Amino acid sequence: MKQIAILGSTGSIGKNALSVVETHPDQFKVVGLAANRDVDTLEQQIRRYRPPLVALNDPSAAEILRTRIRDINGTEVRTGRKGLQAVATMPQAIQVLDGMGGSAGLLPTLAAINAGKDIAFVNKEVMVMAGALVNAAVEANGVTLIPIDGEMSAIFQCLEGARDRQAEIHQLLITASGGPFRKVPKAELYSVTPEQALQHPNWKMGQKITIDSATMMNKGLEVIEAKWLFNIELSKIDVVVHPESIVHSMVEWTDGSTLAQLGPTDMRIMIQYALTYPRRLSAPVPRLNLQEVRTLNFEPVDFDKFPCLSLAYTAADVGGTLPVVLSSADEVVVAAFLNADIGFMDIPAILGRVMDQHVVTAEPTLSDILEADQWAKATARSLIKNHANPNKTQ
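As a starting point, this report considers the structure included with it. Quantities reported herein were computed from a predicted structural model and do not represent experimental measurements. (Residues numbered from 1 in each chain as written. Predicted model: local features only at pLDDT ≥ 70, side-chain atom pairs only at ≥ 80, totals over all residues. Heavy atoms only, no water.)

**Considerations on helix α1 (residues 12–23)**
Thought 1: Taking 1.5 Å of rise per residue, the twelve residues of α1 would be expected to cover 16 Å, and the 17 Å separating its terminal C-alpha atoms lies within 8% of that figure.
Thought 2: When α1 is considered as a whole, its buried residues turn out to be I13, G14, A17, L18, V20 and V21. Considered in projection along α1, the buried side chains sweep an arc of 150 degrees and stay on one side of the axis.
Thought 3: Residues of α1 that are buried in the fold lie against β1 (2–7), β2 (28–35), α2 (39–49), β5 (95–98) and α11 (267–276). (Helix = DSSP H or I, 4+ residues; strand = E, 2+ residues; numbered from the N terminus. Expected span 1.5 Å × (residues − 1). Buried < 20%, exposed > 50% of the residue type's maximum accessible area, 1.4 Å probe, protein only. Arc of directions from axis to C-beta. Contact = heavy atoms within 4.5 Å.)

**Concerning a nonpolar patch on the surface**
Thought 1: On the surface, L262, L288, L290, L296 and F298 cluster together into a nonpolar patch covering about 380 Å² of accessible area.
Thought 2: Along the chain, the position of L288 falls in the loop between α11 and α12 (290–293). (Patch = residues over 30% accessible without salt bridge, like charges linked within 9 Å, V, L, I, M, F, W, Y side chains within 5 Å. Areas by Shrake-Rupley, 256 points an atom, 1.4 Å probe, with all protein chains shown as cover. Salt bridge = Lys/Arg side-chain N within 4 Å of Asp/Glu carboxyl O.)

**Let's talk about the sheet that holds β2**
Thought 1: Taking strand neighbours across the sheet as the criterion, the seven strands line up as β4-β3-β2-β1-β5-β6-β7 in an open arrangement whose pairing is parallel. Looking at strand neighbours, the two that pair on one side only are β4 (76–79) and β7 (145–147), the edges of this open sheet. On average, each strand axis in the sheet is tilted by 20 degrees relative to the strand beside it, whichever way the strands run.
Thought 2: Here three bridges tie strand β6 (residues 118–121) to β7, and the two strands are oriented parallel to one another. Looking across to β7, one finds that I119 is bridged to L145.
Thought 3: Sheet strands in contact with α1 are β1, β2 and β5, and its direction is about 165 degrees off that of β2. (Pairing = 2+ DSSP bridges. Axes fitted to C-alpha atoms, helices over the stretch in contact; angles between N-to-C directions.)

Below is the structure:
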């Protein structure tokens with residue numbers, strides 16, 4: 001039985017991971033759970049799984065949780081950054097599933113790798129911000145790094161048995177649904193509301209990643225992630241719009257053949273594969289019926305309508321701390337858009353201004369990365385503060 005710790009257990013990825021555990025209770029035991037501040041959900045998870053260690057990043061939330069679970073023996077509650085890292089490095093855990101989004105997952109993930117834990121992760125920002133450091137740590141500690149995110153998992157599966165033969169890869173094709181605005185003219189995007197942007201046509205995800213999908217920043221971050229995760233040249237990574245979201249990504253080889261990974265839009269498939277790799281178990285998800293699907297469509301990306309993707313390619317090309325700045329600033333501007341402080345098309349505009357103001361460190365240390373993270377967030381907040389959203393209802 002594999003003992004696992006889950007970072008971000010109260011989010012959509014964490015909940016889906018626990019659903020996989022419920023499906024295969026003879027395969028997995030939950031020994032650690034960590035979240036940001038969702039006391040109610042974490043309390044329910046503690047009562048169900050009785051892990052010896054849990055953590056909440058928010059100190060006041062952790063104190064409330066301690067009071068609520070006084071009747072439970074054997075579960076310790078820790079808090080803050082040290083608490084998250086304690087869950088990520090607990091001796092009992094064989095594998096750590098990182099379902100935390102954004103820059104908050106960087107230090108716990110590095111701590112888990114350095115503690116010799118195999119990693120299943122959905123947090124693309126970790127690779128975007130510190131791909132070189134993560135790869136070095138993975139190699140030094142001999143651990144396995146398995147992506148959960150649909151597109152990266154698809155490429156990972158297509159490359160099975162050939163991950164050290166990059167010279168034979170012609171290109172990686174990352175598929176994108178096109179989001180809710182695939183057919184919306186660019187002129188209309190300036191008046192888009194958060195409610196409209198959160199209506200993803202295919203996937204049920206958290207708010208931040210859903211907005212990133214609407215702007216196609218999600219694809220941009222995946223381009224940077226793929227560069228590091230698969231040790232591939234940027235020129236060999238392309239994005240193609242596939243509105244059905246059935247082909248999750250593809251690998252084209254130098255001999256002209258293309259391998260694709262197909263499946264229903266259910267994250268439990270990728271999560272379960274990451275937890276059982278290299279084995280595959282049955283999963284309680286709808287089967288893909290290609291006779292019902294009948295048609296698969298592919299379209300080029302409209303870079304003019306979705307400038308976030310161009311910003312990501314620029315950041316990947318320049319490298320250094322610029323991807324950190326892009327990713328970290330994006331956390332701030334997406335939150336501002338969700339609060340209606342800025343408009344939808346202000347997202348790429350402000351991100352571009354933050355990137356233009358940044359002095360890049362070419363080969364950053366962890367300290368440089370953390371400093372760039374804080375600088376990007378502060379700079380984005382300053383630009384947002386001085387920006388008025390004409391669409392905001394007073």
